[in-house]
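Structural overview for review
For reference, the chains in residue letters:
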Amino acid sequence: MRILSGIQPSGRLHVGNYFGMMDPAIRLQDEGEAFYFIADYHSLTTVHSPEELRENVRNVAIDFLACGLDPSKATFFRQSDVPEVTELSWLLSTVTPMGLLERCHSYKDKTARGHEATHGLFAYPVLMAADILIYDSNIVPVGEDQKQHLEVTRDIALKFNNRYGEVLAIPEPRIRQEYAKVPGLDGKKMSKSYGNTLELFGSEKATRKKIMSILTDSTPVEEAKDPSDSIIIDLYRLVASNAEVEAMENDYKNGGVGYGDFKKRLFSAYWDYFEPMRKRREELLADPGYVDEITREGASRARESAAATIKRVREACGIY
Ligand code: ADP
Ligand code: TRP
């Protein structure tokens, strides 16, 4: 079974990325042949500084390894180290109906937020389909916001197979419902583009400040509070034990504890949860050659798999 996922190097990784995609991907690396990559071609649609791109790629590589991606189990590489994927993207674009792309939310959202309306941004889901289909992927762990892209991928693969025969494997998304949409500090979906993230590896001071600045209502300390609609509890649930969450819920209901106190508990649980990852990250930062070696080796394995698919696809289309 091939498991595949990608993440764009478009900024610092956050808790939403971790629980929505990275942690599920890391858990799946024991269940099949996992391929995970850094989608640098994709991020060219929004990151336009070469220095920033290089820096982001490096950070994502280090952070993903620090979080537990195990290169002895999973193949880890940069998307652009397998340029065959751009060829497949073109071949797939010739079977992709315009209407399918016109319906995609991400193009509309990104242009509405001020990103330039380029062909690359519009055709983004076709490149993503190529990423998935070129490795004959079966399972794709992603967060809820990528669901539509997976549907587009399946549609494109079916169209291709319809025209040329059973050439491409049809993938399935794997969306972990309990973490499908991690809330940001303002209660909206946590996202780099909303500036509401809790970074995985932010400094202690900055992280504490961010958590302490979560907006709450003005219920006085002694009064009971509503635990059912609280960003603090929603985030706490990700990093605290069931007993700790229950204790916080009870303190909400009973009154007598202020939001400042709850935020301190959240910070402390959060900081402890990511402590082993921070340690591992320090080790990786001290050994820059190691990370390059991992992604280089990963690319060579991924390229082998991509070459076999491209050969099959070219033959199916009549290009020898
Ligand atoms: P962002 O919205 O911050 O730009 P990306 O689009 O780069 O994040 O997402 C990378 C991966 O992380 C995707 O699989 C996405 O579904 C997942 N992800 C991002 N934000 C969240 C979130 N708030 N909750 C759950 N998963 C998320
Ligand atoms: N579009 C994904 C995101 O923004 C990144 C991505 C690119 C991806 N290619 C992929 C995810 C292939 C899964 C499979 O998060």
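Not measured: the values here are computed from a predicted model. In this convention, every chain numbers its residues from 1, walking through the sequence in written order. To label them, take the chains in the order written and letter them from A, then take the ligands in the order written and number them from 1. pLDDT decides what is reported in this predicted model: residues at 70 or higher carry local features, side-chain atom pairs at 80 or more are listed and counted, and totals for whole chains, interfaces and linings draw on all residues regardless. Side-chain measures here rest on the full set of heavy atoms in the structure, leaving out hydrogens and waters.

The helix count covers DSSP runs of H or I at least four residues long, the strand count covers runs of E at least two residues long, and both are numbered beginning at the N terminus. For the chain, the count of helices and strands is 14 helices and 5 strands. In this description the radius of gyration comes from C-alpha coordinates, and the expected globular size is given by 2.2 Å times residues to the power 0.38. In terms of overall size, the chain behaves like a compact globule, its C-alpha atoms giving a radius of gyration of 21 Å where 320 residues would be expected to give roughly 20 Å. If you line up the chain on its principal axes, its C-alpha atoms span 75 × 45 × 35 Å. In this analysis, two residues are considered to be in contact whenever any of their non-hydrogen atoms come within 4.5 Å of each other. Within the chain, counting contacts between residues at least 6 apart in sequence, those at least 24 apart form 77% of the total. Under this rule, positive means Lys or Arg and negative means Asp or Glu; His and the chain ends count for nothing. Taken as the charge centre is NZ of Lys, CZ of Arg, CG of Asp or CD of Glu, depending on the residue. The distance from the centre of the 41 positive side-chain charges to the centre of the 49 negative ones in the chain is 2 Å.

Before going further, it helps to examine the site of ligand 2. By nearness alone, 14 residues border ligand 2, and Gln-8, Tyr-124, Met-128, Asp-131 and Gln-146 come closest of all. Within 3.5 Å is the distance limit for a polar contact, defined as a pair of N or O atoms, with the added protein rule that one can donate a hydrogen and the other accept it, and that residues adjacent in sequence qualify only through two side-chain atoms. At 3.2 Å, a side-chain N or O of Gln-8 approaches an oxygen atom of ligand 2. A distance of 2.7 Å separates a nitrogen atom of ligand 2 from a polar atom in the side chain of Tyr-124. Each accessible area is a Shrake-Rupley result for a 1.4 Å probe, and residues are judged covered by the shown protein chains and nothing else. Compared with its free state, where it exposes 370 Å², ligand 2 has 91% of that area covered by protein. Broken down by secondary-structure element, the contributors of at least two residues to the shell around ligand 2 are β1 (2-7) and α7 (119-133). Per-element tally for the shell around ligand 2: the top contributor is α7, with 4 residues. Here, proximity means that at least one heavy atom of the residue falls within 4 Å of the molecule or strand.

The next thing to look at is the site of ligand 1. Around ligand 1, the structure places 18 residues, and the nearest of them are His-14, Asp-145, Val-182, Ser-191 and Lys-192. Within the contact set of ligand 1, a nitrogen atom lies 3.2 Å away from a backbone nitrogen or oxygen of Gly-16. Contact between ligand 1 and Val-182: a nitrogen atom at 2.7 Å from a main-chain N or O atom of the residue. Protein coverage of the free-state accessible area of ligand 1, which is 540 Å², stands at 92%.

An expected span of 1.5 Å times one less than the residue number is assigned to each helix. With 15 residues, helix α12 (residues 259-273) extends 21 Å between its outermost C-alpha atoms, agreeing within 8% with the 21 Å of an ideal straight helix rising 1.5 Å per residue. Buried residues are those whose accessible area, probed at 1.4 Å on protein chains only, stays under 20% of the maximum for their type, while exposed residues exceed 50% and partly exposed ones sit between those limits. Of the positions making up α12, those classed as buried are Tyr-259, Phe-262, Lys-263, Leu-266, Phe-267, Ala-269, Tyr-270 and Trp-271. Turning to α12, the residues buried within the fold contact α1 (15-28), α9 (204-212), α10 (231-239), α11 (242-254) and α13 (275-285).

The subject of this paragraph is the packing of α12 against α13. Interaxial angles span 0 to 180 degrees and are taken between N-to-C directions of axes, which are lines fitted to C-alpha atoms, for helices over the stretch in contact. The interhelical angle for the contact between α12 and α13, taken along N-to-C directions, is 45°, at an axis separation of 4 Å. Of the possible angle classes, the one that applies to α12 and α13 is oblique. Residues Trp-271, Asp-272 and Tyr-273 of α12 lie in contact with α13, whose contacting residues are Glu-275, Pro-276, Met-277 and Arg-278. Here the residues of the contact of α12 with α13 are counted per class, giving 4 nonpolar, no polar and 3 charged. Here is the rule for angles: anything less than 35 degrees is roughly parallel, anything more than 145 is roughly antiparallel, 65 through 115 is roughly perpendicular, and the remaining ranges are oblique. In the scheme used here, Gly and all other residues not listed as nonpolar or charged are polar, with Ala, Val, Leu, Ile, Met, Phe, Trp, Tyr, Cys and Pro taken as nonpolar and Asp, Glu, Lys and Arg as charged.

In many reports, interface size means the accessible area that the parts give up when they come together. Where each domain starts and ends follows an automatic or database-derived domain assignment. Assigned domains of the chain: these are domain 1 (2-181 + 288-317) and domain 2 (202-273). Put simply, the middle of domain 1 and the middle of domain 2, counted by C-alpha atoms, are 35 Å apart. On the side of domain 2, 4 residues touch domain 1, which itself brings 4 residues to the contact. Contact between domain 1 and domain 2 buries roughly 370 Å² in total, counting both sides, with carbon and sulfur atoms accounting for 78%. When two parts are put together, the accessible area they lose, computed with a 1.4 Å probe and summed over both, is reported as buried area. By the criterion of area lost to domain 2, the three top residues of domain 1 are Val-15, Phe-19 and Tyr-179, representing 85% of everything that side buries.

Relative to each other, α11 and α12 sit at 175°, their axes nearing to 11 Å. Classified by the angle between their axes, α11 and α12 sit roughly antiparallel to one another. On the side of α11, the interface is formed by Ala-247, Met-248, Asp-251 and Tyr-252, while α12 contributes Tyr-259, Phe-262, Arg-265 and Leu-266. Of the residues that constitute the contact of α11 with α12, the class distribution is 6 nonpolar, no polar and 2 charged.

Before going further, it helps to examine the packing of aromatic side chains. Only the six-membered ring of Trp is used, alongside the rings of Phe and Tyr, when aromatic pairs are assigned; centres must lie within 6.5 Å, and planes under 30 degrees apart are stacked while those over 60 apart are edge-to-face, with the rest tilted. Counted according to the given criterion, the structure contains 20 aromatic pairs. Here the aromatic rings of Tyr-18 and Phe-274 are separated by 5.2 Å at their centres, their planes lie at 80°, and the arrangement is edge-to-face. A residue pair is termed long-range when its members are at least 10 positions apart, and Tyr-18 in helix α1 and Phe-274 in the loop between α12 and α13 qualify at 256 residues. Seen from their ring centres, Phe-35 and Phe-77 are 6.0 Å apart, and the 80° between their planes marks the pair as edge-to-face. Of the two residues, Phe-35 is situated in strand β2 (residues 33-38) and Phe-77 in strand β3 (residues 74-78); the sequence distance between them amounts to 42 residues. Each member of the pair, Phe-35 together with Phe-77, is buried. Against the face of Phe-35 rests Arg-2, its NZ or CZ located 3.8 Å from the ring centre. Only Lys NZ and Arg CZ are tested; either one counts as a charge over a ring when it is within 6 Å of the ring centre and within 35 degrees of the ring normal.

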